[in-house]
Amino acid sequence: LMIPDIKKFLPNEDPESIKNFPFFFFFLINGKDTQLIEKSIKKLGIDNTKRKIILSANALGQASITEIANLSTTKLTTTTKAVYRLVDDGIVEVFSSKEDERISMVRLTEKGVGLVEQINQISIVTLSGILNSFNEKELSHLNELLKKLFDLNLRKLLKFCNIYCKSSLKRI
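Summarised in this report is the structure supplied together with it. Predicted model, so just to flag it, every value in this text is computed and none were measured.

In the structure shown here, the tally under the stated rule is four salt bridges. Across the pair K19 and E16 runs a salt bridge whose closest N-O atoms are separated by 3.2 Å. Look at E16 and you get partly exposed, because its relative accessible area is 47%. We note a salt bridge from K50 to D89, for which the minimum N-O separation is 3.6 Å. Within this pair, whereas K50 is found in helix α2 (residues 48–60), its partner D89 is found in the loop between α4 (76–88) and β2 (92–96), the two being separated by 39 residues in sequence. K50 gets classed as buried once you look at its relative accessible area, which sits at 10%.

Attention shifts here to the sheet that holds β2. The strand order β1-β3-β2 describes an open sheet built from three strands, whose pairing is antiparallel. The open sheet has two edge strands with one neighbour each: β1 (63–64) and β2. By the bridge criterion, two bridges tie β1 to strand β3 (residues 104–108) in an arrangement that is antiparallel. Note on β3: the bridge partner recorded for S64 is M105.

A separate point is helix α5 (residues 110–131). Taking 1.5 Å of rise per residue, the 22 residues of α5 would be expected to cover 32 Å, and the 30 Å separating its terminal C-alpha atoms lies within 8% of that figure. At V125, α5 shows its strongest bend, of approximately 30°. Listed as buried for α5 are G112, L115, V116, I119, I122, S123 and T126. Its buried side turned inward, α5 meets α1 (22–41), α2 and β3.

A word on the packing of aromatic side chains. If you walk through the whole model with that rule in mind, you get three aromatic pairs. Taking 5.5 Å as the distance between ring centres and 50° as the angle between the ring planes, the aromatic pair formed by F21 and F23 counts as tilted. Residue F21 is classed as buried on the basis of its relative accessible area, which comes to 16%. Between F23 and F26, the aromatic rings sit 5.3 Å apart at their centres with planes inclined by 70°, giving edge-to-face as the arrangement. Placement of both F23 and F26 in helix α1 is noted, with a separation of three residues, approximately one turn of the helix. Residue classification places F23 among the partly exposed residues on the basis of a relative accessible area of 32%. When its relative accessible area of 31% is taken as the criterion, F26 is described as partly exposed. Each residue in the set F21, F23 and F26 is aromatic and connected to the rest through ring pairs, giving one cluster. A cation over a ring is seen here: R107 above F95, with NZ or CZ 4.0 Å from the ring centre.

Quick look at unusual backbone geometry now. For T73, which is not a glycine, the phi torsion comes out positive at approximately 50°. Relative to the elements of secondary structure, T73 occurs in the loop between α3 (65–72) and α4. A relative accessible area of 63% means that T73 is categorised as exposed.

Rules used throughout
Residues numbered from 1 in each chain as written. Predicted model: local features only at pLDDT ≥ 70, side-chain atom pairs only at ≥ 80, totals over all residues. Heavy atoms only, no water. Salt bridge = Lys/Arg side-chain N within 4 Å of Asp/Glu carboxyl O. Buried < 20%, exposed > 50% of the residue type's maximum accessible area, 1.4 Å probe, protein only. Helix = DSSP H or I, 4+ residues; strand = E, 2+ residues; numbered from the N terminus. Pairing = 2+ DSSP bridges. Expected span 1.5 Å × (residues − 1). Bend = angle between axes of the 7 residues up to and from the residue. Contact = heavy atoms within 4.5 Å. Phe/Tyr/Trp six-rings, centres within 6.5 Å; stacked < 30°, edge-to-face > 60°. Lys NZ or Arg CZ within 6 Å of the ring centre and 35° of its normal.

Shape descriptors only; they carry no functional weight alone.
What follows is the structure in structure tokens.
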């Protein structure tokens, strides 16, 4: 199913077109959310990168640094450096995988689990005011749409982007 006039939802030479681009609002929301959370978690002595890694490690149980990087959407090198800083802080521990000793596995320590509870509490206080602006049906629908977007076949999306970007560059 193709939208007949998809161009009106893509950025173009009209400065106002950016406001019709759905990802524009994702970027704005993510930026504001990050600012709010970072300001709130400073008192815990962690930054947003560490927060995402801690929450990812909690969600995954014990996982490789690569798996944590993927879930936290941080670069592998950034994740690796942050994980070892979290080891120094006693928040996570790193050990070799039983299946493949070359793979470094990560799990939260007791201190890390306690920190997850504090991070979640800060998130609840910080973001509940925003979420309370919606009713339950709206939030469920929003989650459905976001999940649909997330579940899109990434290869198809990348293939489309590569083809579209290459053809767009030829026109320039």
